[in-house]
Amino acid sequence: MLLNEKITIIRKMNNLTQEGFAEELGISRQAVSKWENGRCLPDLSILEPLSKTLDVSINEILSGEKIKE
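Residues numbered from 1 in each chain as written. Predicted model: local features only at pLDDT ≥ 70, side-chain atom pairs only at ≥ 80, totals over all residues. Heavy atoms only, no water.

Some words on unusual backbone geometry
In step 1: Positive phi values are uncommon outside glycine, yet Asn 15 reaches one of about 55 degrees.
In step 2: The topology assignment puts Asn 15 in the loop between helix H1 (3-13) and helix H2 (18-25).
In step 3: Take Asn 15: its relative accessible area is 71%, and that puts it in the exposed class. (Helix = DSSP H or I, 4+ residues; strand = E, 2+ residues; numbered from the N terminus. Buried < 20%, exposed > 50% of the residue type's maximum accessible area, 1.4 Å probe, protein only.)

Structure representation (structure tokens):
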């Protein structure tokens, strides 16, 4: 699964709008939209808060795949 798909699915599973998700991360809704559309990737500075919000490791964010322990 690609990162943009993962972000979209997990955001929706948590019943968050793009705007609500962006507010949790302290970023713009447009940034979330660009991630979900695959037009850009999250900035390195947002990786830690993003991993906590999505409940995935930074390695999983970077690889776009679930990493088995």
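Some points on the packing of H2 against helix H3 (residues 29-36)
In a packed pair of helices, the relevant descriptors are the angle between the two axes and the axis-to-axis distance.
In step 1: Packing of H2 against H3 leaves a shortest axis separation of 8 Å and a crossing angle of 110 degrees. Comparing their axes, H3 and H2 come out roughly perpendicular. Handedness of the H2/H3 crossing: right-handed. Residues Gln 18, Glu 19, Phe 21, Ala 22 and Leu 25 of H2 form the contact with H3, whose own contacting residues are Arg 29, Val 32, Ser 33, Trp 35 and Glu 36.
In step 2: Tallied by class, the residues present in the contact of H2 with H3 amount to five nonpolar, two polar and three charged. (Axes fitted to C-alpha atoms, helices over the stretch in contact; angles between N-to-C directions. Parallel < 35°, antiparallel > 145°, perpendicular 65-115°, else oblique. Left-handed = near helix turned anticlockwise from the far one by under 90°. Contact = heavy atoms within 4.5 Å. Nonpolar A, V, L, I, M, F, W, Y, C, P; charged D, E, K, R; others polar.)

So, the pattern of salt bridges
In step 1: Across all of its chains, the model carries two salt bridges by this definition.
In step 2: The closest approach of N and O atoms between Glu 36 and Arg 11, which form a salt bridge, is 2.5 Å. A residue pair is termed long-range when its members are at least 10 positions apart, and Glu 36 in helix H3 and Arg 11 in helix H1 qualify at 25 residues.
In step 3: Overall, Glu 36 belongs to the buried group, its relative accessible area being 11%.
In step 4: Assessed through its relative accessible area of 7%, Arg 11 is described here as buried.
In step 5: Glu 48 is paired through a salt bridge with Lys 52; the nearest N and O atoms lie 3.2 Å apart. Within this pair, Glu 48 and its partner Lys 52 are both found in helix H4 (residues 47-54), separated by four residues, close to a single helical turn.
In step 6: Here Glu 48 falls in the partly exposed class, since its relative accessible area comes to 46%.
In step 7: Of the residues examined, Lys 52 reaches a relative accessible area of 61% and is grouped as exposed. (Salt bridge = Lys/Arg side-chain N within 4 Å of Asp/Glu carboxyl O.)

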